[in-house]
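# Architecture and fold: a report
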Amino acid sequence: MVDFDLVVIGSGPAGEWGAVQAALAGKRVAVVEREPVLGGTAANTGTLPSKTLRETSLHLSGLKARGLYSVETTLRHEATVSDFLFRERRVKDMERARIAGNLERHGVQVVLGTGSLVDEHTVRVTRQGQPDLHLKGAFILVATGSTPFRPPIYPFDDPRVHDSDEVLEIGRLPTSLVVVGGGVIGCEYACMFAALGIPVTLVELRPELLPFLDDEFSALLAQRMEALGIRMRFGQSVEKVEVPAACETPIHLTLSSGEEVATDQVLVASGRSANTEGLGLCELGVKLGSRGQVEVGPGYQTSVPHIYAVGDVIGFPALASTSMDQARIAVEHAFGLGGPTRMPTILPYGIYTIPEVSMAGETEEGLRAKGIPYVAGRAPFSTNPRGQIIGEMCGMLKLLFHRESLKLLGVHVLGEQASELVHVGLVAMLTGSTARLFLETCFNYPTLTEAYKAATFDAMDHLKHGTV
Ligand SMILES: Cc1cc2nc3c(=O)[nH]c(=O)nc-3n(C[C@H](O)[C@H](O)[C@H](O)COP(=O)(O)OP(=O)(O)OC[C@H]3O[C@@H](n4cnc5c(N)ncnc54)[C@H](O)[C@@H]3O)c2cc1C
Ligand SMILES: NC(=O)c1ccc[n+]([C@@H]2O[C@H](COP(=O)([O-])OP(=O)(O)OC[C@H]3O[C@@H](n4cnc5c(N)ncnc54)[C@H](O)[C@@H]3O)[C@@H](O)[C@H]2O)c1
């Protein structure tokens with residue numbers, strides 16, 4: 001039995017940063033990881049691999065150059081799956097090495113094996129070909145993440161049927177692809193494959209894309225995705241799947257509308273499930289929600305006070321960004337370190353579709369539902385000099401201000417660098433800033449960020465004319 005102040009189960013962003021935060025405070029920390037590599041979904045199968053593939057597909061397809069030179073650049077026909085995956089593997093390797101270095105530098109002990117709780121303070125680590133280890137922790141941090149949900153109608157053992165983990169192991173690029181699920185993962189992958197010139201059909205149960213977005217931006221994104229060649233099938237699901245043994249014979253899907261779709265490959269991205277199975281949480285009285293996610297209270301404490309849970313395993317918002325901060329907060333709470341014990345009230349969302357979309361704060365629909373008077377200001381990138389220079393003709397920034405106080409309430413961006421640009425508005429909201437901030441700030445010229453000033457002027461015009 002080895003004694004620690006904190007035993008962390010899982011080495012994704014939540015596990016890594018929870019462990020480091022505790023180690024920085026002088027605590028003895030162990031991280032248990034069941035995979036042979038560190039980094040979880042963010043480093044290995046999710047965030048970084050998918051973002052790297054996005055850049056690769058933009059590069060291989062020459063898509064970025066199209067707006068600039070009006071040339072019809074198409075995918076180099078000899079592009080192979082190894083071209084496609086080359087940089088993804090490099091980025092992944094570098095991130096794994098960074099995490100190992102970070103944990104080592106802070107004196108965190110890494111134990112490879114599958115962790116489960118045998119009692120309230122003891123984590124058993126099951127290791128292949130080696131005896132079990134028992135680690136005692138004054139506190140336990142559950143950071144076991146999530147895995148793709150696999151609806152039973154799909155034969156995932158067929159090499160042409162993928163979930164979002166397996167798509168990173170594809171043996172060849174599809175000649176056509178059906179993506180099931182128009183959530184963030186489905187939209188991002190649909191764009192990447194469509195950018196490569198592959199015919200993509202996106203099947204989404206809901207009548208619209210990403211309903212948490214401002215309606216205007218959800219519709220704009222759908223338009224841009226259609227312009228990229230993606231066939232949208234809203235309000236539908238897949239009822240029947242026929243996968244012939246011969247891989248040259250197309251897969252046959254029957255949609256709920258009765259439409260038949262023939263496709264080379266299928267990517268199923270219809271949600272994820274929390275990794276709680278076999279952890280022994282229920283046996284200890286830790287409450288789980290309807291989808292297996294761990295229920296937590298303030299400070300990410302579970303119903304067993306010295307067991308904390310953070311990241312994807314607790315469900316929404318299930319982002320790498322929020323997982324890291326939740327973990328830092330949980331450690332602050334557990335050890336009473338005096339730092340922040342709750343998340344910021346406004347979180348940013350970055351969606352790496354083509355084009356990118358990002359938002360923070362309120363949507364127009366949200367403000368209307370709450371009866372908050374507002375004024376909107378828009379700045380299309382086509383009228384922004386930097387937008388002209390880089391050929392970003394479809395992007396837009398929209399700002400939502402309180403109609404009386406002029407406090408910034410929401411920021412929405414679609415286009416190049418959207419997930420970076422949103423941070424200006426995010427910080428403005430977190431500091432309670434008003435339209436004056438943008439009117440009085442001198443921005444670099446020419447930049448996309450300047451759009452903040454243009455959108456603010458537009459909002460002031462609306463105020464003057466009594467429009468929204
Ligand atoms: C395709 C895709 C793209 C994404 N893109 C973004 C993005 O752009 N931005 C963003 O912020 N988020 C993104 N996400 C979400 C992000 O990856 C997750 O929110 C984040 O990885 C969650 O971190 P975590 O530490 O909670 O869990 P994970 O990263 O899943 O890590 C959990 C770790 O726990 C280990 N583990 C599980 N059970 C055990 C056990 N019993 N014993 C030992 N170890 C165990 C797992 O092996 C894993 O290493 C994306 C996700 C996907 C799938
Ligand atoms: N850029 C980012 O921040 C980013 C990128 C990727 C993933 N993620 C995170 O990963 C998590 C999981 O993403 P996800 O896209 O798998 O899940 P999701 O729950 O966000 O989306 C699943 C989508 O599939 C649809 N769906 C469900 N069943 C269906 C069916 N039978 N037929 C057709 N459509 C169906 C749902 O309506 C939904 O739109 C998200 O919570 C997200 O936070 C974040």
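Residues numbered from 1 in each chain as written. Chains lettered and ligands numbered in written order. Predicted model: local features only at pLDDT ≥ 70, side-chain atom pairs only at ≥ 80, totals over all residues.

This is how the line gets drawn: UniProt positions are given in the numbering used here, feature names are shortened, and annotations may be inferred rather than shown by experiment.
Per an unreviewed UniProt entry, the recorded name for the protein is Soluble pyridine nucleotide transhydrogenase, and the organism is Myxococcus stipitatus. As recorded by UniProt, the Sequence similarities (unreviewed entry) comment attached to the protein reads in full: "Belongs to the class-I pyridine nucleotide-disulfide oxidoreductase family." Database annotation for the protein, UniProt heading Subcellular location (unreviewed entry): "Cytoplasm".

## A few points about the nonpolar core
Stated precisely, the cut-off is as follows: Nonpolar cores are identified as sets of buried Ala, Val, Leu, Ile, Met, Phe, Trp, Tyr and Cys residues joined via C-beta atoms within 7 Å. Residues with at least 20 neighbouring C-beta atoms inside 10 Å of their own are called buried, those with 12 or fewer are called exposed, and the rest are partly exposed, where every C-beta is derived from the backbone. Numbering of helices and strands runs from the N terminus, with a helix taken as a DSSP run of H or I at least four residues long and a strand as a DSSP run of E at least two residues long. With C-beta atoms placed from the backbone, a contact is any residue pair whose C-beta atoms sit within 7 Å.
With 77 residues, the main nonpolar core has Val179, Tyr189, Ala190, Phe193, Val200, Leu397 and Phe401 as its most contacted residues. Per-element accounting of this core gives the leading share, ten residues, to helix H6 (residues 184-195). With near-sequence residues (within four places) excluded, Tyr189 lies in contact with Ser164, Val167, Val179, Leu267 and Ala269. Ala43, Leu135, Ala309 and Val313 belong to the second-largest nonpolar core, a separate cluster that totals 49 residues.

## Comments concerning the site of ligand 1
Rule in force here: Defining nearness, a residue is near a molecule or strand when the C-beta atom obtained from its backbone falls within 6 Å of it. In the scheme used here, Gly and all other residues not listed as nonpolar or charged are polar, with Ala, Val, Leu, Ile, Met, Phe, Trp, Tyr, Cys and Pro taken as nonpolar and Asp, Glu, Lys and Arg as charged.
For ligand 1, the set of nearby residues contains 37 residues, the closest of which are Gly10, Gly12, Gly40, Gly145 and Gly311. Among the secondary structure elements, those contributing two or more residues to the shell around ligand 1 are helix H1 (13-24), strand S2 (29-33), helix H2 (40-44), helix H3 (47-61), strand S4 (114-119) and helix H8 (320-335). In terms of residue class, the shell around ligand 1 is made up of 13 nonpolar, 19 polar and five charged.

## A short note on the site of ligand 2
Put simply, the rule reads: In this document the domain limits rely on a domain assignment from an automatic tool or a database.
Lining the immediate environment of ligand 2, one finds 24 residues, of which Gly181, Gly183, Ile185, Ser237 and Ser270 sit closest. Elements supplying a minimum of two residues to the shell around ligand 2: H6, strand S10 (200-204) and strand S18 (348-351). When residues of the shell around ligand 2 are assigned to their parent elements, the largest contribution, four residues, is made by H6. Counted by class, the shell around ligand 2 contains twelve nonpolar, eight polar and four charged residues. No fewer than three residues from each of domain 1 (2-148 + 273-335) and domain 2 (161-270) sit in the shell around ligand 2.

## Some thoughts on the environment of Gly336
Topologically, Gly336 is positioned in the loop between H8 and S18. Taking the C-alpha atoms as reference, Gly336 lies 35 Å from Thr434; in sequence the two are 98 residues apart.

## Comments concerning the environment of Val8
Take Val8: it is sitting in strand S1 (residues 2-9). Separated by eleven residues in sequence, Val8 and Ala19 place their C-alpha atoms 6.7 Å apart. Non-local contacts of Val8, meaning those with residues more than four positions away in its chain, are made with Gly15, Gly18, Ala19, Val29, Ala30, Val31, Val32, Leu141 and Ala143.

## Details of the domain arrangement of the protein
What the domain assignment lists for the protein is domain 1 (2-148 + 273-335), domain 2 (161-270) and domain 3 (355-465). Between domain 1 and domain 3, the C-alpha centre-to-centre distance is 33 Å.

## Considerations on the sheet that holds strand S21 (residues 396-402)
Put simply, the test is: Pairing between two strands is assigned when DSSP locates at least 2 bridges connecting them. In this description, a line fitted to the C-alpha atoms serves as the axis of each element, helices being fitted only across the stretch in contact, and the angle between N-to-C directions of two axes falls anywhere from 0 to 180 degrees.
Spatially, the five strands line up as an open sheet ordered S18-S19-S22-S21-S20, and their pairing is antiparallel. Whereas interior strands pair on both sides, the edge strands pair on one side only; in this sheet they are S18 and strand S20 (374-380). On average, adjacent strands in this sheet sit at an angle of 10° to one another, irrespective of strand direction. Sheet topology note: the S21/strand S22 (residues 408-414) ladder contains six bridges and is antiparallel.

## Some remarks on the packing of H1 against H8
Axes are the key here: two packed helices are described by the angle between their axes and the distance separating the axes. Which entries qualify depends on this criterion: When the near helix sits turned anticlockwise from the far one by under a right angle, the crossing is termed left-handed; a clockwise turn instead gives a right-handed crossing.
Running from amino to carboxyl end, H1 crosses H8 at an angle of 35°, the nearest separation of the two axes being 8 Å. Judged by the sense of rotation from one axis to the other, the crossing of H1 with H8 is right-handed. Every residue of H8 that contacts H1 at Pro13, Ala14, Trp17, Gly18, Gln21 and Ala22 is listed here: Ala320, Ser323, Met324, Gln326, Ala327, Arg328, Ala330, Val331 and Phe335. Tallied by class, the residues present in the contact of H1 with H8 amount to ten nonpolar, four polar and one charged.

## Structural notes on the UniProt feature "binding site: NAD(+)" (unreviewed entry) in the protein
Following the UniProt record, one finds the feature "binding site: NAD(+)" (unreviewed entry) at Gly181, Gly182, Gly183, Val184, Ile185, Gly186, Cys187, Glu188, Glu204 and Gly271. For the annotated residues, spread through 91 residues, the largest C-alpha to C-alpha distance comes to 13.7 Å, consistent with a single compact locus. Following the sequence through the fold, Ile185 ends up in helix H6. With respect to the helices, strands and loops of the structure, Gly271 is situated in the loop between strand S15 (265-268) and strand S16 (272-274). For Gly271, a count of 15 C-beta atoms within 10 Å puts it in the partly exposed group. Apart from the residues lying within four places of it in its own chain, the contact partners of Gly271 are Phe149, Gly181 and Gly183.

## Examining unusual backbone geometry
Across residues other than glycine, the phi torsion is negative in most instances, and most of the peptide bonds are trans. The linkage connecting Phe316 with the following residue, Pro317, adopts the cis geometry, with an omega of 0°. Residue placement: Pro317 occurs in the loop between strand S17 (307-309) and H8. Cis geometry marks the peptide bond from Ile354 to Pro355, where omega comes out at 5°. Its location among the elements puts Pro355 in the loop between S18 and strand S19 (357-361). Here the phi dihedral of Ala318 falls at roughly 55°; this positive angle occurs in a residue that is not glycine. Note on placement: Ala318 falls in the loop between S17 and H8.

## Some thoughts on helix H7 (residues 215-227)
As a reminder of what qualifies: Expected span, for any helix, means 1.5 Å times one less than how many residues it has.
Between the first and last C-alpha of H7 there are 18 Å, a value that for 13 residues agrees with the 18 Å anticipated at 1.5 Å per step. Within H7, burial applies to Phe217, Leu220, Leu221, Ala222 and Met225. The secondary structure elements touched by the buried residues of H7 are H6, strand S11 (230-234), S19 and S22. Positioned one or two residues after H7, Gly229 has a phi angle of 105°, which is positive.

## Quick notes on the packing of H1 against helix H5 (residues 81-105)
Going by this rule: In this scheme, roughly parallel covers angles under 35 degrees and roughly antiparallel covers those over 145, while 65 to 115 is roughly perpendicular and the rest are oblique.
Packing of H1 against H5 brings their axes to within 9 Å, and their N-to-C directions diverge by 20°. Regarding the angle of H1 to H5, the classification is roughly parallel. Note on packing geometry: the crossing formed by H1 with H5 is left-handed. Here Glu16, Ala19 and Val20 of H1 come into contact with H5, specifically with Ile99, Asn102 and Leu103. Along the lines of polarity and charge, the residues of the contact of H1 with H5 split into four nonpolar, one polar and one charged.

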